[in-house]
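Architecture and fold: a report
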Amino acid sequence: MVSWDSWCWEDLPCVGFLATIKIHLYSFLRCPRSRIIDHLIRQRRNDSVAAVFIYCNYMEQAVQTVHSLLASLLKQLVQVSQPVFDRVKSHYETDRKQGVSPNIHDVFGTLKAEIKSFPEAFIVVDALDEVTEDDDTCFELLRKLQSLEVNLLITSRDLDSIRLALPDVEQMPIHAHDDDMRRVIEGRIDTRTSLRTLIAKDPSLREEIINELIVTAREMFLLCSLYIELLSHKMTPRAIRTALQNLPKEVHGAYDETMKRIRGQGPDCLELA
């Protein structure tokens, strides 16, 4: 795996997302690009540099397979390079005539060949810990990405499965400060009319929610978002206070509770979610 040291990180706000770290980029916003990607694209000296990325999402684990994630990287190369587009289109037309779809080996082989056509390439994977709870899948993805021999940057919570898969890479732990967590929680509260209404009737409730979530979420912005989603459907301050004492402690528990509530609202809500 190539080092990032030769690139101009001193110009990048919030430097430190090397290898496995504890928080991820804008996970609570799910924006289409992050400041790191924008920085890489702005700093590209010419079209000979490729910058592609993956945003993992806990709520999309069923579709974010190794196959689909690698295909996403290849698609991004196709979109930014006419020569890559022409070559991949030729492969596609050949497969279509034969009535076959490219399997994971085909996709990875094409990705590896095309990414080597760029003198320099960067891959950013945000929130790797959200892609799957299957260690084998995570391990396979990491091994394939490492074998591309590009500048690879991964953000994640500090999980044993990821640490074992990346034993010799540079790491930089980054911890969310309580002020960071507070801003995220306050922002999420302000988007929920039901919570704002209850807090207007019981102003002390706001600080109780914020303080409890800072402790329980343990620096995980994703958990904050899931917690606010659960609390926003409580009908009284008392119900919120009870829920605060019984919040799921892990991401999968909070996610399961959220999906259970959505399923209880009927098939239309489930499809929207």
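All values derive from a computational prediction rather than experimental measurement. (Residues numbered from 1 in each chain as written. Predicted model: local features only at pLDDT ≥ 70, side-chain atom pairs only at ≥ 80, totals over all residues. Heavy atoms only, no water.)

1. Quick notes on helix α9 (residues 204-217)
Note on helix geometry: an α-helix contains 3.6 residues per turn, so any two residues three or four positions apart are oriented the same way. Helix length check: α9, at 14 residues, gives a terminal C-alpha distance of 20 Å against a target of 20 Å (1.5 Å per residue), a fit within 8%. Listed as buried for α9 are Leu205, Ile209, Ile210, Leu213, Ile214, Thr216 and Ala217. The inward-facing, buried residues of α9 abut α7 (178-190), α8 (193-201), α10 (221-231) and α11 (237-244). Two residues or fewer past α9, Arg218 is found with a positive phi of approximately 50 degrees. (Helix = DSSP H or I, 4+ residues; strand = E, 2+ residues; numbered from the N terminus. Expected span 1.5 Å × (residues − 1). Buried < 20%, exposed > 50% of the residue type's maximum accessible area, 1.4 Å probe, protein only. Contact = heavy atoms within 4.5 Å.)

2. So, the nonpolar core
Core analysis: the largest hydrophobic core is formed by 36 residues, its most contacted members being Leu70, Ile123, Val125, Leu128 and Leu145. Listing elements by their share of this core, those giving two or more residues are β1 (49-55), α2 (66-80), α3 (82-98), α4 (104-115), β2 (120-126), α5 (135-147), β3 (151-154) and α6 (160-165). Per-element tally for this core: the top contributor is α2, with seven residues. Residues within four places of Val125 in sequence aside, it is in contact with Ile54, Cys56, Leu145, Leu152, Leu153, Ile154 and Thr155. Listed in part, the 29 residues of the second largest apolar core include Leu198, Leu222, Tyr227 and Leu244. (Core = buried A, V, L, I, M, F, W, Y, C linked by side-chain atoms within 4.5 Å.)

3. With respect to the sheet that holds β1
Strand order in the open sheet formed by three strands is β1-β2-β3, with parallel pairing between adjacent strands. The outermost strands of the open sheet, each flanked by one partner alone, are β1 and β3. In this sheet, adjacent strand axes meet at a mean angle of 10 degrees when their direction is disregarded. α2 rests against β1 and β2 of the sheet, and its axis sits at about 145 degrees to β1. (Pairing = 2+ DSSP bridges. Axes fitted to C-alpha atoms, helices over the stretch in contact; angles between N-to-C directions.)

4. Brief notes about the pattern of salt bridges
For the structure on display, the rule yields nine salt bridges. Between Glu114 and Arg87 there is a salt bridge, and its shortest N-O distance comes to 2.7 Å. On the criterion of sequence distance, the pair formed by Glu114 in helix α4 and Arg87 in helix α3 is long-range, its members being 27 residues apart. Take Glu114: its relative accessible area is 5%, and that puts it in the buried class. In this structure Arg87 comes out as partly exposed when scored by relative accessible area, which is 37%. Among the ionic pairs, Lys116 bridges to Glu149, the shortest N-O distance being 3.7 Å. In this pair, Lys116 sits in the loop between α4 and β2 while Glu149 sits in the loop between α5 and β3, placing the two residues 33 residues apart along the sequence. A single salt-bridge network, built from bridges that share partners, covers Arg182, Glu186 and Glu207. (Salt bridge = Lys/Arg side-chain N within 4 Å of Asp/Glu carboxyl O.)

5. Details of the environment of Arg183
Looking at where Arg183 falls in the secondary structure, it is placed in helix α7. When its relative accessible area of 52% is taken as the criterion, Arg183 is described as exposed. In the structure, Arg183 is positioned 27 residues away from Ile210 in sequence and 9.3 Å away in space, judged by C-alpha atoms.

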